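So you can see what is in the structure, the chains are spelled out below.
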Amino acid sequence: MNFKLLLKEKIKKSLKDNFGLETDLIPITYPEVKEFGDYATTVALANSKILKKSPKEIAEKIASDLSKEKIFSKIDIAGPGYINFYLSDKILEEGIKLSISNENYGKNDLLKDKNIILEYVSANPTGPLHIGHGRWAAIGDSIANLLSLCGAKVHREFYINDAGNQINLLRESVEAAKNGKPIPENGYHGSYIEEVAKMDGDPVQNLLEMQKKTLAKFRVNFDNYFSELTLHSNGEVKKTIEFLKKSGHCYELDGALWFKTTEFGDDKDRVLIKSDGEYTYFAVDIAYHKNKIERGFNTIINILGADHHGYVGRITAAIKIFAKEMNKEIESKILIGQLVSLFRNGEPVRMSKRTGEMITLEEVIDEIGSDASRYFLVMRKADTPLDFDIELAKKQTEENPVFYVQYAHARISGVLRNIHNKQIVTDSIIDSPEARDIAIRIIRYPEICLDAAINMEPHRITQYLEDLSAAFHRFYNQHRIITEDENTTSRRLSIILAVKNILKNGLKIIGVEAPEKM
RNA sequence: GCGCCUGUAGCUCAGCUGGAUAGAGCAACAGCCUUCUAAGCUGUGGGCCACAGGUUCGACUCCUGUCAGGCGCACCA
């Protein structure tokens, strides 16, 4: 049950019935002060001008309509026209009951019409993954989990750039290393080149396998690894360009073939075929995106590093053009994640693939663990640059948010081991402010999941989990769970079971373990 | 020069798409373990939300400009 949405619907209806106003802009907030209720809306203030009525008058109508709903114990009109809603204890108790019995609490089907292809990481198979790839891996995986939690069909894809100059350079570098010759000036110089040179088989495949191994260790799994080479070998690049030529989106200039992306918002037209007859990387990439559309996806999401943000305009334009020419409704979204700078004891660590000094993602995982790495990479909004200090992440171990949340889960598990009678009682469980605080957070969990999914912001989940954990730790310090009175024990048991279930669920979204013991 | 992102407590960051008294965590200080995990809890101090204008009943949030930092501006991939 999503009370935020329910409330929105009810208010929407009330506005329509009373004032004939149709609007979807109904802001619902979680008040920071509990004297302002569990939910609040400023809808009366926001619409007073349009309706030419005082905010109070509007608020009173809405409050009077909604007071018929038995989910609220109280509705206040406060200040200039805020409406504050208080959920009844009964509803809170039902929420707790549901969150215990339902394994998939938080799940909904609001995005069920979306058939999404989510592309992320897509590292060049020319070296090991680094911490930046780790950020996209962690964020991408969490976003995919969130979207499918909301009913979307999500296909996770990794695009392998296994064609082009950088691959030739890689092969030359490995070949040189094999024969004990100096590596070409503009080749790859990392120490991993020596390693790959010792392996049998194709260096590109070997490097790809190394990347896959790292991702597996990171618990990031893709549905498909899509090879760029296949686009060349089955002629899709050529077909794509023919398609664009035929539909009139191309022109020739200075011996090159240009694509009129400016018609759809790009700031510059782009070259598809260079004057030497070779395809550009972009030409191949749009063939790939055409392929995505042909596979039937109606939503295309890409996660890119900030160093590629210049790419956004042209690729969005290309998708728009294809959608138009192919007569399809395609929603596309390119998420730009800011870069990660790796530090050790406050000293920056070079990450260049060519220096050989870089620290790989694998090394970071080995050093601080998958859980802490994933949590740290996901806990910040993607559009802020991230300074990741390895020593700090390790040193902080005791005051780390990830351990704080995991500890709450382990603590509950510990208590559960000591309870012999696992009888649950969900009546009258809201018997203290601490219990109510937990209950209201549990009620909000599905709402948080939906908001995090729609905005593609998994950091909202970590934020929420820390808040819920704090509420639990407060409860735990204030109230003994195992008591002489069986009924009291059963009631408190239901609360901690609910918390445990949600912690486990929430951690799963961001790919972090929920330990039984610590 | 142009474009994108960022600027909030000493530090690292939230701030729910314009609302009520701007919140956490670290760090600092003062308390809480004979009972379920103290990796926890309670309290105190700490703010010109980069700066200057503007829109609004109301701005950390929207607009304009300035300053500072990051990243881009290829017939490279």
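Residues numbered from 1 in each chain as written. Chains lettered and ligands numbered in written order. Predicted model: local features only at pLDDT ≥ 70, side-chain atom pairs only at ≥ 80, totals over all residues. Heavy atoms only, no water.

Draft legend 1. Fine view of unusual backbone geometry. Residues other than glycine seldom take positive phi values, yet Lys 52 does so here, at roughly 55°. Among the structural elements, Lys 52 can be located in the loop between α2 (43-51) and α3 (55-66). Given the relative accessible area of 75%, Lys 52 is considered exposed. A positive phi is found at Ser 428, a non-glycine position, where the angle reads about 50°. The topology assignment puts Ser 428 in the loop between α16 (401-418) and α17 (433-455). (Helix = DSSP H or I, 4+ residues; strand = E, 2+ residues; numbered from the N terminus. Buried < 20%, exposed > 50% of the residue type's maximum accessible area, 1.4 Å probe, protein only.)

Draft legend 2. Fine view of the nonpolar core. Residues Ile 11 and Phe 388 are the most contacted members of the largest nonpolar core, which totals 116 residues. Considering every element that reaches this core, the biggest residue donor is α17, with 12 residues. Counting contributing residues, this core receives three or more from each of domain 1 (3-87) and domain 2 (93-109 + 396-509). (Core = buried A, V, L, I, M, F, W, Y, C linked by side-chain atoms within 4.5 Å. Domains from an automatic or database assignment.)

Draft legend 3. Seen up close, the protein's contact with RNA strand B. Around RNA strand B sit 64 residues, and of these Tyr 82, Lys 274, His 309, Tyr 407 and Arg 411 come closest. Protein-proximal atoms of RNA strand B, defined as those within 4 Å of the protein, fall in sugar or phosphate at a share of 62%. One of the backbone nitrogen or oxygen atoms of Asp 383 is found 2.7 Å away from a sugar or linking oxygen of RNA strand B. Looking at the surface near RNA strand B, the elements with two or more residues in it are α2, β4 (82-87), α6 (165-178), β9 (256-259), α16 and α18 (459-478). With nine residues, the single largest contributor to the surface near RNA strand B is α16. Across the surface near RNA strand B, the residue classes tally to 26 nonpolar, 20 polar and 18 charged. (Near = heavy atom within 4 Å. Polar contact = N/O pair within 3.5 Å; in protein donor to acceptor, adjacent residues only side chain to side chain. Nonpolar A, V, L, I, M, F, W, Y, C, P; charged D, E, K, R; others polar.)

Draft legend 4. Just the packing of aromatic side chains, in detail. On inspection of all chains with the given rule, the structure shows 18 aromatic pairs. Centroid distance Tyr 30 to Tyr 39: 5.7 Å. Interplanar angle 65°. Geometry classified as edge-to-face. On the basis of relative accessibility, which here comes to 23%, the residue Tyr 30 falls in the partly exposed class. A relative accessible area of 1% places Tyr 39 in the buried class. Here the aromatic rings of Phe 376 and Phe 388 are separated by 5.9 Å at their centres, their planes lie at 65°, and the arrangement is edge-to-face. (Phe/Tyr/Trp six-rings, centres within 6.5 Å; stacked < 30°, edge-to-face > 60°.)

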